[in-house]
Amino acid sequence: MAATRGELFAGVTVAIITPFKNGEVDWDELGKLVDWHCEQGTDALAPCGTTGESPTLTHDENERVVSFVCERARGRTKIMAGTGSNSTSEAIRMTKAAKKAGANGTLQVGPYYNKPTQEGYFRHFAALAEATDLPIVVYNIPGRTASNILPETLARMAEKCPTIVAVKEATGSLDQASQVAALTDLTILSGDDSLTLPLMSIGGKGVVSVVGNIVPRDMMALVKAFAAGKFDEALQWHRKLFPLCRDMLGVATNPIPLKTAIKLLGRGNGEMRLPMCPIDAAGEAKVRQTLVNYGLLK
């Protein structure tokens, strides 16, 4: 398969949670989490993404979490720092801080809520690319931002901004991903765990994963099998992982079910920040059953 621009992030990047304790970032737990992923061999970590509850982290906390994760990883795994914002100047400031902290790249969500035009998207990402030379992964998730970065706009960004290297594709549309693959040499990463295999079949190179918080080695096995041309093996992994992706993550908005699962697995307290809140007993029972079905709980 032809090489793409952001091969640095081919494979599995795990969008890690931010552990909290009594409303504050739990630095001890975060350190253990980074160490665990390094032991698991996780290809890269993305702190301060949606899964890391970035909307309720202050900008200062965002910078501290990114810096802490970079320092704790000490080159044992790559870091794709979530430093996006719906304010271009804030995104630039946090991205410069991530560069200084030693991140390998930055995950930049399309500006949310203010719904820029396609020209606004282009100018936002071009300003970021001009302000820092950190490789940029554009995160296109219309379901959360209320607006879609169109393939033609991504093509324009790719043409004008060499440091824009990849797109985290979370539109849920294989047609759109196919268009991006046809128009650009950007590396396409799945933004939905359940669509990792389908996206790789049209040229994608991996995933920014949520379930990788629990089973990073299984997600990596899927991606590596496909990359090695072992399509039957990749399909087996897809079929094994699919119920975990669908049944667990479908219970409530991410990261509520994930933090619930982590708590049930005895790897954290499950604490979230409002407006994220715990699910009811029925929801928790569904998450537990999914973990039992997968073989993670008895």
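Please refer to the structure placed before this passage.
Visitor: Got a minute to help me understand empty space enclosed by the protein in this structure?
Guide: If you roll a probe as big as a water molecule over the atoms, it shows you where there is empty space left. Evaluation of the coordinates by the stated rule reveals 2 cavities of 30 Å³ or more. In this structure, the second largest cavity is lined by Asp193, Ser194, Met219, Leu222, His238, Leu241, Phe242 and Cys245. Ranked by the residues each element gives to the lining of the second largest cavity, the list is headed by helix 10 (residues 231-249), at 4 residues. Residues belonging to the lining of the second largest cavity are distributed by class as follows: 5 nonpolar, 2 polar and 1 charged.

Visitor: What is the right way to look at the sheet that holds strand 6 (residues 105-109) in this model?
Guide: Each strand in a sheet pairs with its neighbour through backbone hydrogen bonds, running either in the same direction (parallel) or in the opposite one (antiparallel). If you trace the 8 strands once around the closed barrel, you get 1-4-5-6-7-8-9-10, paired in parallel fashion. In this sheet, adjacent strand axes meet at a mean angle of 25° when their direction is disregarded. Across the sheet, helix 2 (residues 59-73) touches strand 4 (44-46) and strand 5 (78-82), and the angle it forms with strand 5 is around 175°.

Visitor: Help me understand the packing of helix 10 against helix 12 (residues 281-294) in this model?
Guide: The contact between helix 10 and helix 12 brings their axes to 9 Å, and the two run at 170°. As judged from the angle between their axes, helix 10 and helix 12 are roughly antiparallel. Two secondary-structure elements touch here, helix 10 through Trp237, Lys240, Leu241, Pro243, Leu244, Asp247 and Met248 and helix 12 through Val287, Thr290, Leu291 and Tyr294. Of the residues that constitute the contact of helix 10 with helix 12, the class distribution is 8 nonpolar, 1 polar and 2 charged.

Visitor: Help me understand helix 1 (residues 27-40), please; the structure alone is not making it clear to me.
Guide: Each turn of an α-helix holds 3.6 residues, which means side chains three or four residues apart point in the same direction. Relative to the 20 Å expected for 14 residues at 1.5 Å per residue, helix 1 spans 20 Å between its end C-alpha atoms, a close match to the ideal helical length. For helix 1, the set of buried residues is Leu30, Gly31, Leu33, Val34, Asp35, His37, Cys38 and Gln40. Of the surrounding elements, those touching the buried residues of helix 1 are strand 1 (11-15), strand 4, helix 2 and helix 9 (216-227). Where helix 1 starts, the residue carrying a side-chain oxygen 3.3 Å from the main-chain nitrogen of aspartate 28 turns out to be aspartate 26.

Visitor: Where do I start with unusual backbone geometry in this structure?
Guide: Residues other than glycine predominantly adopt negative phi, and peptide bonds predominantly adopt the trans conformation. The step from asparagine 254 to proline 255 runs through a cis peptide bond, and the omega angle for that step is 5°. Here the amide bond leading from leucine 274 into proline 275 is cis, since omega sits at 15°, within 30 degrees of zero. Mapped onto the secondary structure, proline 275 falls in the loop between helix 11 (256-264) and helix 12. Positive phi outside glycine occurs at glutamate 53, with the angle close to 55°. Checked against the element boundaries, glutamate 53 lands in the loop between strand 4 and helix 2. Given a relative accessible area of 3%, glutamate 53 falls into the buried group. Look at lysine 115: it is not a glycine, yet its phi comes out positive at around 45°. For lysine 115, the position within the fold is in the loop between strand 6 and helix 4 (118-131).

Visitor: I'm lost on the nonpolar core in this one. Help?
Guide: The tendency in soluble globular proteins is for nonpolar side chains to be buried side by side. Counting residues in each nonpolar core, the largest one holds 52 residues, and the members touching the most others are Val69, Met248 and Leu291. Counting 22 residues, the second-largest nonpolar core is a separate cluster that includes Ile92, Val138, Leu154 and Cys161.

Visitor: In this structure, what is going on with the side chain of threonine 83? I would like to understand it.
Guide: You can see threonine 83 is positioned in the loop between strand 5 and helix 3 (88-101). Residue classification places threonine 83 among the buried residues on the basis of a relative accessible area of 1%. Among the polar contacts listed, one links the side chain of threonine 83 to the side chain of threonine 95, at a separation of 2.9 Å. In contact with threonine 83, other than residues within four places in its own chain, are Asn62, Ala91, Met94, Thr95, Ala98, Thr106, Leu107 and Gln108.

Visitor: Help me out: how do you make sense of the packing of aromatic side chains in this one?
Guide: Remark: the centre distance and the inter-plane angle together describe each pair of aromatic rings, the angle taken between the planes. Scanning all chains against the criterion turns up 2 aromatic pairs. Taking the centre distance of 5.0 Å and the plane angle of 50° together, the rings of phenylalanine 226 and phenylalanine 231 count as tilted. Judged by relative accessible area, phenylalanine 226 falls into the buried class, the value being 11%. Sitting over the ring of phenylalanine 122, arginine 156 keeps its end group 3.7 Å from the ring centre. Of note, lysine 240 hangs over the ring of tyrosine 294, and the distance from its end group to the ring centre comes to 4.0 Å.

Visitor: What is the right way to read the pairing of strand 6 from this model?
Guide: Every other side chain in a regular strand lies on the same face of the sheet, so the side chains alternate between the two faces. Burial analysis of strand 6 places 5 of its 5 residues in the buried class, which makes it a mostly covered element. Burial of strand 6 is two-sided: the residues Gly105, Leu107 and Val109 facing one way and the residues Thr106 and Gln108 facing the other way are all buried. Bridge count for strand 5 against strand 6 is 3 bridges, and the pairing is parallel. Counted as the bridge partner of alanine 81 is threonine 106 from strand 6. Following the backbone out of strand 5, through helix 3 and into the adjacent parallel strand 6, one traces a crossover that is right-handed. As defined by bridge partners, strand 6 adjoins strand 7 (residues 136-140) across 4 bridges and the pair is classed as parallel. Paired with threonine 106 across the two strands is isoleucine 136, which belongs to strand 7.

What counts and what doesn't
Residues numbered from 1 in each chain as written. Predicted model: local features only at pLDDT ≥ 70, side-chain atom pairs only at ≥ 80, totals over all residues. Heavy atoms only, no water. 1 Å grid on protein atoms, 1.4 Å probe; cavity = no way out; pocket = protein on both sides within 12 Å on 5 of 7 lines; lining within 4 Å. Points joined across faces, edges and corners; volume = space filled by probe spheres on them. Helix = DSSP H or I, 4+ residues; strand = E, 2+ residues; numbered from the N terminus. Nonpolar A, V, L, I, M, F, W, Y, C, P; charged D, E, K, R; others polar. Pairing = 2+ DSSP bridges. Axes fitted to C-alpha atoms, helices over the stretch in contact; angles between N-to-C directions. Contact = heavy atoms within 4.5 Å. Parallel < 35°, antiparallel > 145°, perpendicular 65-115°, else oblique. Expected span 1.5 Å × (residues − 1). Buried < 20%, exposed > 50% of the residue type's maximum accessible area, 1.4 Å probe, protein only. Polar contact = N/O pair within 3.5 Å; in protein donor to acceptor, adjacent residues only side chain to side chain. Core = buried A, V, L, I, M, F, W, Y, C linked by side-chain atoms within 4.5 Å. Phe/Tyr/Trp six-rings, centres within 6.5 Å; stacked < 30°, edge-to-face > 60°. Lys NZ or Arg CZ within 6 Å of the ring centre and 35° of its normal. Right-handed = clockwise from strand over helix to strand, strands pointing away.

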